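# Architecture and fold: a report
One-letter residues, chain by chain:
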Amino acid sequence: MHAAAKIYEECIASVTTGEPVKPITLRWDADFVDVPILAGCLQPSADAPGYPLYREAEFDSPGAKYMPEESKVGNMLFIWRTGKKPPSKIAIHLPTTGDQYFWYRKQLAKDLLKHDVASCIPMFPYYGKRKPPGQYLHLLTSVSAFITQVCGGIMEAAGIAAWANAAYPGAKVVMTGVSLGGSVANVAAVIAAGNCDTGVGSCPVVATSSATSFLTGVLHNRIAWNVLSEAEDAVADEIKAVVAASLDVGEKSKPVIHANEKGLPLTPTEAALADTMDCLSMSTMIRLMEQGQRSHGVEMPMLDAVTQVTARKDRFVGSHSDELHAVLRGLTDPRGECERVEVNGGHISTLFKRGETIVPAIASTFEKVASTLAARGGGAERERVTTPEQGDREPAAARV
């Protein structure tokens, strides 16, 4: 938990000083060109788009010193086309819970090529090649590992956005992901907005505003409550102190959290976990970032556009999707659009709506970003959230 508290502090500090996030340095490995079977029978025209090109790379994680040895080196798949034309739109796809491979997100990326969108597909710490020994599949062994994974994923995604901004000047960036990936994408997009000057948007799909969804949703029974009940009472005090020390006295008011969908009261163990997981609530993280920026005399960056995809019968996220929309709306440039697209079905079934929902939502987010850029005169500086000391507007989190 000590390492988790430290990486959490560093993650929050990513936007507080106003200093740009350092681009991640990629070490390119294998390239693979996906040539269609009939390509040899056809004569491509000079202006025809190239074939899908997959490039793998490794990088040193900016949060490496807080991670297990196997997670210190990150890996990413970059998908664009062959040829000399650089991408002008780049999507960064963050993984959903249990997505230890590139396959699902690679299908999204291939579909997005039809919309002239390139894709970066990073692997989270603790997943795939980055899984520490003793961990079964994607099942994290501790609360501290989950906090480290989320904060490390945020820092890495922001660093990849900075790389894209430097490698492809003028390219727009959209952070996206399903469920856990969408929740991480939102925070990473805010950090990226403070660094990228060519347009940043977010497209979360069935994402939550708070990690306490694990307490209230259908995953409640997948937590080892008997093991957590044996934890020492003060085990999470350090990370709670990080939150408490950064917030104004009396500012933080915890929402009423029930243990499950039936509204049963929390057990002492559940209450302790809810109190700890509040550090990963988006409203809490944004509030901390605003406070840090205020102390440095800088302003909170805003997103150029948002497309939030929610499911009508989502038993995992529940009312947290409403809270998330309110937070995102407060973080969107007044000249931009924060759209909510609601689809039939539930949390898991939405993953299978790739062609009909997810890809169009990501593509439309790029269009919204372009409209925002045009509304403010191309390269003009994006709107920022001002703090009470700097203007009359309330911080974004306070407007929820």
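A quick note: this is a predicted structure, and the numbers were derived from the prediction, not measured.

### Here we look at the sheet that holds strand 1 (residues 27–33)
- In spatial order, the strands read 1-2-3-5-4-6-7-9-10; together these 9 strands make up an open sheet with mixed pairing. Single-partner strands in this sheet number two, and they are strand 1 and strand 10 (338–343). Direction aside, neighbouring strands of the sheet carry axes that sit 15 degrees apart on average.
- Pairing between strand 1 and strand 2 (residues 52–60): 5 bridges, direction antiparallel. When the sheet's bridge partners are listed, Phe32 is paired in strand 2 with Tyr54.

### Some details on the confidence of the model for the protein
- In the predicted model, the protein carries a mean pLDDT of 85, and the fraction of residues at 70 or more is 85%.
- This model gives residues 38–43 a pLDDT under 50, and the stretch forms 1 contact once residues within four places in sequence are excluded.
- Predicted confidence is poor over residues 384–400, with pLDDT under 50, and the contacts of this stretch with residues over four places away or in other chains come to 49 contacts.

### Section: the nonpolar core
- Core analysis: the largest hydrophobic core is formed by 87 residues, its most contacted members being Tyr8, Ile154, Met175, Leu280 and Met282.
- With 13 residues, the single largest contributor to this core is helix 3 (residues 143–167).
- With residues near it in sequence (within four places) discarded, Met282 still touches Asn186, Val187, Val190, Ser209, Leu324, Val327, Leu328 and Leu331.

Conventions we followed
- Residues numbered from 1 in each chain as written.
- Predicted model: local features only at pLDDT ≥ 70, side-chain atom pairs only at ≥ 80, totals over all residues.
- Heavy atoms only, no water.
- Pairing = 2+ DSSP bridges.
- Helix = DSSP H or I, 4+ residues; strand = E, 2+ residues; numbered from the N terminus.
- Axes fitted to C-alpha atoms, helices over the stretch in contact; angles between N-to-C directions.
- pLDDT = per-residue confidence, 0-100.
- Contact = heavy atoms within 4.5 Å.
- Core = buried A, V, L, I, M, F, W, Y, C linked by side-chain atoms within 4.5 Å.
- Buried < 20%, exposed > 50% of the residue type's maximum accessible area, 1.4 Å probe, protein only.

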